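Now for the letters of each chain:
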Amino acid sequence: MKSIIEQYKNNIRKIISNMTGSNNEDIEQEVYIRTWKNLDKYKETGKFKSWISTITANLCRDYMKSAYFRHSQTIITEEDELVQIKDTKENIESQFIEKQRQKRIMDAIDSLKPKFKEVIIMYEMQDMSYEEISEKLKCPVGTVRSRIFNARKELSIMLADLI
């Protein structure tokens, strides 16, 4: 039996790890016990490695169906709860910071001269092209480009600390 363990332990551990997501020594030990108890039932028509792999896979499936496994997957430790609370707090803080940032950007856009505000909104927020803006405002494309450039220049000065 010792030679069987030495020869197949890496394969058995790999199957257990792949199926359960952990190195469960209890399952590994049970594989060796079942193999030893059922050695007389093994028929040499197939490979021994396949036979012992099947035993391992079946034990892993049984373990994953067990109430213990399902219960252990639902238990949340205090540390996990603290991490979740911390993550939630950080998420709320980051959302608040992002909303404050967006508000500052919108306030800066609102403070632009009307002709700059109009083109920057069309270009940046409504995804209109220079040509579409030019047609809508009935002005040359060069004027649209100039206004967008100047609007961005003013915004970069007003929002320098955000950049």
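Refer to the structure presented above.
This structure is a prediction, so every number in the text was calculated from the model and none was measured.

Draft legend 1. Fine view of the overall build of the protein chain. If you tally the helices and strands in the protein chain, you get 8 helices and 0 strands. Of the regular secondary structure in the protein chain, the N- to C-terminal order runs α-α-α-α-α-α-α-α. Looking at the protein chain residue by residue over its 163 residues, the buried ones come to 25%. Surface exposure of the protein chain reaches about 12,200 Å², of which carbon and sulfur atoms provide 52%.

Draft legend 2. Representation of the pattern of salt bridges in the model. Per the stated rule, a full pass over the model turns up 8 salt bridges. We note a salt bridge from R34 to E30, for which the minimum N-O separation is 3.4 Å. Of the two residues, R34 and E30 are both situated in helix α2 (residues 25–37); the distance of 4 residues between them amounts to about one turn of the helix. Relative accessible area serves as the criterion here: at 30%, E30 is assigned to the partly exposed category. The residue R104 makes a salt bridge to D161 at a minimum N-O spacing of 2.9 Å.

Draft legend 3. Representation of the environment of F149 within the structure. Within the secondary structure, F149 sits in helix α8 (residues 141–158). For F149, a relative accessible area of 55% corresponds to the exposed category. Linking F149 and I120, residues 29 residues apart in sequence, is a C-alpha distance of 9.0 Å.

Draft legend 4. A look at the nonpolar core. Within the largest apolar cluster, 16 residues are counted, with the highest numbers of intra-cluster contacts made by L112, I120, I133, L137, I148 and L155. Residue assignment for this core shows that the elements contributing at least two residues are α5 (78–110), α6 (114–125), α7 (130–137) and α8. If sequence neighbours within four positions are ignored, L155 has contacts with A108, I109, L112 and I120.

Draft legend 5. Spotlight on helix α3 (residues 48–65). With 18 residues, α3 extends 26 Å from end C-alpha to end C-alpha; this agrees with the ideal 26 Å at 1.5 Å per step. Along α3, the residues that are buried comprise F48, I52, S53, I55, T56, A57, L59, C60 and Y63.

Draft legend 6. Main features of the packing of aromatic side chains. Applying the stated criterion across every chain, the model contains 3 aromatic pairs. A centroid spacing of 5.4 Å and a plane angle of 45° characterise the contact between F48 and W51, whose relative ring orientation is tilted. Of the two residues, F48 and W51 are both situated in helix α3; the distance of 3 residues between them amounts to about one turn of the helix. For the ring pair Y123 and Y130, a centre distance of 5.0 Å and an interplane angle of 5° mean the geometry is stacked. A relative accessible area of 23% places Y123 in the partly exposed class. Among the residues examined, Y130 registers a relative accessible area of 22% and is labelled partly exposed.

Criteria and thresholds
Residues numbered from 1 in each chain as written. Predicted model: local features only at pLDDT ≥ 70, side-chain atom pairs only at ≥ 80, totals over all residues. Heavy atoms only, no water. Helix = DSSP H or I, 4+ residues; strand = E, 2+ residues; numbered from the N terminus. Buried < 20%, exposed > 50% of the residue type's maximum accessible area, 1.4 Å probe, protein only. Areas by Shrake-Rupley, 256 points an atom, 1.4 Å probe, with all protein chains shown as cover. Salt bridge = Lys/Arg side-chain N within 4 Å of Asp/Glu carboxyl O. Core = buried A, V, L, I, M, F, W, Y, C linked by side-chain atoms within 4.5 Å. Contact = heavy atoms within 4.5 Å. Expected span 1.5 Å × (residues − 1). Phe/Tyr/Trp six-rings, centres within 6.5 Å; stacked < 30°, edge-to-face > 60°.

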